[in-house]
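# Reading the structure
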Amino acid sequence: MSLLVATPNPIAETKQRLEDRTARIGIIGLGYVGLPLALLFAEERFPVTGFDIDAAKVEALNGGGSYIVRIAAEEIRAAQRRGFLATSDYSQIAAMDVVLICVPTPLNDYHEPDLSYVTETAKSIAPWLREGQLVVLESTTYPGTTEEVLVPLLEAGSSLRAAREAADRGFYVAFSPEREDPGNDTVARRDIPKVIGGVGPVALELACAVYGAIFKRTVPVSSPAAAEMTKLLENIYRCVNIALVNELKQLCQRMEIDLFEVIDAAKTKPFGFQAFYPGPGLGGHCIPIDPFYLSWKAKQFDFRTRFIELAGEVNIGMPYYVIDRTIAALNDRRKPLNGSKILVLGLAYKRDIDDLRESPSLTIIELLRERGASVAYHDPYFATVGRGRHYDLNMVCATLEDLDKYDAVMIVTDHTSYDYAKIVGESRLVIDTRNATKGIVADNIVRC
Ligand SMILES: NC(=O)c1ccc[n+]([C@@H]2O[C@H](COP(=O)([O-])OP(=O)(O)OC[C@H]3O[C@@H](n4cnc5c(N)ncnc54)[C@H](O)[C@@H]3O)[C@@H](O)[C@H]2O)c1
């Protein structure tokens, strides 16, 4: 029996369907978050349908291919054998028992939340909602989004209401943040506890049952806003601590102290210290963006989030610091940056991944070009780089041959495939923003 039929006990029915693996799972947004989640449900033998407005992604997946480097095509094909398929047809939402929303939540040009992907998704699914269905938002966002934005749009576009109590009839809504750490293979996805806040107790119980089927531990909290805030706290904690070491890196450079050595020593303390590392600036879809979702929301409460703003200021300044250090190093060699040839190593925002969203490499390349440098890049994950939301580079990956033709080689992303000793040996000047050359002694390295 489907949840389409009004049922006096949706929890019992959904639990049964979860147990016998007949609950149909719909995942909206098949990107870095949604696709692995879809595969996880498929691995657990659930029938999964992925929804995406990007026709190229839908076509690639239905053809048994992958567009994310760390997801092998074979994983997609294995999921297909268990019934996974992708579509852009929202009418299929009606057949789902559970709908998980994993669409982007970027900032607009004014550094304010851009919820358009969430609101468009809500409008698209609303006409197909039916009683007993569970809708969960996974996209990172400010506290209040689920109840103030998502639920009203779902209710406006459907003839149903969000059910808040056991006696209510309608669809159920919850928020559960994604805690994916791309490139981190030390923790299996199912071992990462899943925080969940429901719009009412029934939605919470349903969502815990759904996620409990694939995650080892669920962490129920009192409301969607508490779950939304939990995700932001985690990311703001990282953002602020990274800003702290980024600032200290600049002080340590003046004091001629190696901050990386200091961090390694400090982290031997068995309590009360967690190591964060400085770098050329923040990257990725989360840490540079999410804190500003909270700053924006805080204004509604006449409150300024000063830690977030200060951390943002320090972190946003890091690519400029790297440029200043490069100019100084070239100056020591009687070279102006204007007219110099620079090779930037690594485009991805962090090592060993194929994601360049908000990458500091993009900012650094643009700053170098603006200052008259002739810039090339190398990254094993990107054969070309074209145009994105915040950049327009149109470059082709250079080779790692003849490194001495460059006035400086800049390590911006410390991919593990690079042979750093060889790079230092063959380059005239190496600007190392990641401590990738740790242990290599040479007078052509400038660590910054
Ligand atoms: N990438 C990460 O490591 C990470 C980690 C934790 C949380 N998050 C959060 O998860 C959310 C998704 O991030 P992501 O990295 O997977 O983004 P992504 O850009 O990789 O994927 C999003 C997908 O959603 C699709 N999409 C957009 N609008 C749609 C619509 N109306 N209907 C159907 N599909 C639509 C896009 O085509 C794209 O394929 C964001 O809120 C992000 O902040 C991301």
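It should be noted that the structure appears before, not after, this text.
Report on the accompanying structure. Note that the coordinates shown come from a computational prediction; the quantities given were computed from them, not determined experimentally.

## Here we look at the site of the ligand
In the vicinity of the ligand, 27 residues are found, and the nearest of them are Val-33, Asp-52, Lys-57, Tyr-90 and Thr-105. A distance of 2.6 Å separates an oxygen atom of the ligand from a polar side-chain atom of Asp-52. Its free accessible area being 840 Å², the ligand has 94% of it covered by the protein chains. A class-by-class count of the residues in the shell around the ligand yields 13 nonpolar, seven polar and seven charged.

## Quick notes on the layout of surface pockets
The method is simple in principle: a probe with the dimensions of a water molecule rolls over the atoms, and the space it marks as empty is what remains. Estimated volume of the second largest pocket: approximately 290 Å³. Together, 15 residues line the second largest pocket, and Gln-253, Ile-257, Asp-258, Arg-447 and Cys-448 are the ones closest to its centre. Looking at the lining of the second largest pocket, the elements that each hand over two or more residues are α8 (224-255), α9 (259-266), α11 (306-332) and β15 (445-447). For the lining of the second largest pocket, the per-class residue count stands at eight nonpolar, two polar and five charged.

## Here we look at the sheet that holds strand β13 (residues 408-411)
As summarised here, the arrangement of the five strands in space is β10-β9-β13-β14-β15, forming an open sheet in which the pairing is parallel. Looking along the sheet, the strands with just one partner apiece sit at the ends: β10 (374-378) and β15. Averaged over all pairs of adjacent strands, the angle between their axes in this sheet comes to 20°, without regard to strand direction. In this sheet, β13 lies alongside strand β9 (residues 341-345) in parallel orientation, the contact comprising four bridges. Bridge assignment links Leu-345 to a residue of β13, and that residue is Ile-411.

## Topic: the pattern of salt bridges
Counted by the stated rule, this structure contains 31 salt bridges. Residues Glu-120 and Lys-123 are paired through a salt bridge, measuring 3.6 Å at the closest nitrogen-oxygen approach. In this pair, Glu-120 and Lys-123 both sit in helix α5 (residues 116-125), three residues apart, roughly one turn of the helix.

## Thoughts on the packing of aromatic side chains
In the structure shown here, the tally under the stated rule is eight aromatic pairs. With a centroid separation of 6.0 Å and 20° between ring planes, the pair formed by Phe-51 and Tyr-90 is classed as stacked. Highlighted residues: Phe-51 in strand β2 (residues 48-51) and Tyr-90 in the loop between β3 (85-87) and β4 (98-101), separated in sequence by 39 residues. Each member of the pair, Phe-51 as well as Tyr-90, carries the same accessibility label: buried. When the centroid spacing of 5.1 Å and the interplanar angle of 45° are considered together, the rings of Tyr-142 and Trp-296 count as tilted. Of this pair, Tyr-142 sits in the loop between β5 (134-137) and α6 (145-156) while Trp-296 sits in helix α10 (residues 290-299), and the two are 154 residues apart along the sequence.

Here is what the cut-offs are and how they apply
- Residues numbered from 1 in each chain as written.
- Predicted model: local features only at pLDDT ≥ 70, side-chain atom pairs only at ≥ 80, totals over all residues.
- Heavy atoms only, no water.
- Near = heavy atom within 4 Å.
- Polar contact = N/O pair within 3.5 Å; in protein donor to acceptor, adjacent residues only side chain to side chain.
- Areas by Shrake-Rupley, 256 points an atom, 1.4 Å probe, with all protein chains shown as cover.
- Nonpolar A, V, L, I, M, F, W, Y, C, P; charged D, E, K, R; others polar.
- 1 Å grid on protein atoms, 1.4 Å probe; cavity = no way out; pocket = protein on both sides within 12 Å on 5 of 7 lines; lining within 4 Å.
- Points joined across faces, edges and corners; volume = space filled by probe spheres on them.
- Helix = DSSP H or I, 4+ residues; strand = E, 2+ residues; numbered from the N terminus.
- Pairing = 2+ DSSP bridges.
- Axes fitted to C-alpha atoms, helices over the stretch in contact; angles between N-to-C directions.
- Salt bridge = Lys/Arg side-chain N within 4 Å of Asp/Glu carboxyl O.
- Phe/Tyr/Trp six-rings, centres within 6.5 Å; stacked < 30°, edge-to-face > 60°.
- Buried < 20%, exposed > 50% of the residue type's maximum accessible area, 1.4 Å probe, protein only.

Read these as geometric descriptors, not functional statements.
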